[in-house]
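Geometric and topological summary
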Amino acid sequence: MRSPVKFLESFIFSSRWIQAPLYIGLIVAQLVYCWLFMVELSHLVHNAFDTAHLSETEVMLVVLGLIDVVMIANLLVMVIVGGYETFVSRLDLENHPDQPEWLSHVNAGVLKIKLSTAIIGISSIHLLKSFINAANLSQHTLMWQVVIHVVFLFSALIMAIVDKTMTQTLALQHQKHH
């Protein structure tokens, strides 16, 4: 008979599978983003051929919106694939021709840095859209968007410094033991 401690450890380790439906939910969210992208793209194409009043600024704002959707979809892929690989179970992708390069060395630290840079990219697109559309936004709104973007940048920088410090500390500890 298994000891209660072994059973508890096995139960705790198995609980990681509770996250699997969350990743499936993110896949559904990605499908919604794909649908949104196609709807926005069809509106852009329809308006480009149907209306002579489509300005370059309007086209640029729609295209930036499409880029934003793509970047969020990329973020979702990183969270789904990287999170599943890191926290639930290894993906059996050895020698798969489409395996992303970053997946071979993914861990929680790498995933955090990749996610923070993706969030900065998304924030940058939002900020660019706001600057292009500044005439229709209040100075207060623009100021807060810049402040939030700077906070994202600062947070990513701090996370990168902490990750680098932790990696160096682990490397030094590893050298001491060998």
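Relevant structure appears above.
Just so we're clear, the structure is a prediction, and the values are computed from it rather than from any experiment.

Within the chain one finds five helices and zero strands. Put simply, the chain runs from its N terminus to its C terminus through helices and strands in the order α-α-α-α-α. Expected size for 178 residues packed as a compact globule is a radius of gyration near 16 Å; at 22 Å, the chain overshoots this value by more than 25%. Projected onto its principal axes, the C-alpha positions of the chain cover 75 × 35 × 35 Å. Residue burial in the chain is summarised as follows: out of 178 residues, 21% are buried. The contacts in the chain between residues at least 6 apart in sequence include a share of 69% that link residues at least 24 apart. When the accessible surface of the chain is split by element, carbon and sulfur atoms take 69% of a total near 12800 Å². Computed over 9 positive and 12 negative side-chain charges, the separation of the two mean positions in the chain equals 19 Å.

Right, let's get into a nonpolar patch on the surface. Residues Ile119, Met143, Trp144, Val147, Ile148, Val151 and Phe152 make up a contiguous nonpolar surface patch of about 590 Å² in total accessible area. No other element matches the six residues that helix 5 (residues 139-177) contributes to the nonpolar patch. With respect to the helices, strands and loops of the structure, methionine 143 is situated in helix 5. Judged by its relative accessible area of 42%, methionine 143 is partly exposed.

To continue, consider the nonpolar core. If you look at the biggest cluster of nonpolar residues, it comprises 14 residues, and the most contacted ones within it are Tyr23, Leu75, Met78 and Leu115. Of all the secondary-structure elements, those providing two or more residues to this core are helix 3 (56-88) and helix 4 (108-132). Top contributing element to this core by residue count: helix 3, with seven residues.

The next subject is the side chain of serine 130. Within the secondary structure layout, serine 130 lies in helix 4. Using a relative accessible area of 7% as the deciding quantity, one classes serine 130 as buried. Those residues within four positions of serine 130 in sequence are excluded, and the remaining contacts are Leu137, Leu142 and Gln145.

The next point concerns the packing of aromatic side chains. The final tally for this structure, using the stated rule, is three aromatic pairs. Seen in terms of ring centroids, phenylalanine 7 and phenylalanine 11 are 6.4 Å apart; in terms of plane orientation they differ by 10°. Their pairing is stacked. A residue pair is termed a helical-turn pair when its members lie 3 or 4 positions apart in one helix, as phenylalanine 7 and phenylalanine 11 do in helix 1 (residues 4-14) at four residues. An identical accessibility class is assigned to phenylalanine 7 and phenylalanine 11; each is exposed. Between the aromatic rings of tyrosine 23 and tyrosine 84, the centroid separation amounts to 6.2 Å while the plane-to-plane angle is 80°, which identifies the pairing as edge-to-face. Of this pair, tyrosine 23 sits in helix 2 (residues 20-50) while tyrosine 84 sits in helix 3; the two residues are 61 residues apart in sequence, bridging distant segments of the chain. Given the relative accessible area of 11%, tyrosine 23 is considered buried. Ring pairing ties together the aromatic residues Trp17, Tyr23 and Tyr84, which thus form one cluster.

With that settled, the discussion passes to the pattern of salt bridges. Tallied over the entire structure, the rule returns one salt bridge. Arginine 90 is the salt-bridge partner of glutamate 85, the closest N and O atoms lying 3.2 Å from each other. According to the relative accessible area criterion, glutamate 85 is buried, its value standing at 11%. On the accessibility criterion, arginine 90 (65% relative accessible area) is exposed.

Take alanine 156: it is sitting in helix 5. Taking the C-alpha atoms as reference points, alanine 156 and lysine 112, separated by 44 residues in sequence, lie 8.7 Å from one another. Setting aside its immediate chain neighbours within four residues, alanine 156 contacts Ser116 and Ile120.

Calculation notes
Residues numbered from 1 in each chain as written. Predicted model: local features only at pLDDT ≥ 70, side-chain atom pairs only at ≥ 80, totals over all residues. Heavy atoms only, no water. Helix = DSSP H or I, 4+ residues; strand = E, 2+ residues; numbered from the N terminus. Rg over C-alpha atoms; globule rule 2.2 N^0.38 Å. Buried < 20%, exposed > 50% of the residue type's maximum accessible area, 1.4 Å probe, protein only. Contact = heavy atoms within 4.5 Å. Areas by Shrake-Rupley, 256 points an atom, 1.4 Å probe, with all protein chains shown as cover. Lys, Arg positive; Asp, Glu negative; His and termini not counted. Charge placed at Lys NZ, Arg CZ, Asp CG, Glu CD. Patch = residues over 30% accessible without salt bridge, like charges linked within 9 Å, V, L, I, M, F, W, Y side chains within 5 Å. Salt bridge = Lys/Arg side-chain N within 4 Å of Asp/Glu carboxyl O. Core = buried A, V, L, I, M, F, W, Y, C linked by side-chain atoms within 4.5 Å. Phe/Tyr/Trp six-rings, centres within 6.5 Å; stacked < 30°, edge-to-face > 60°.

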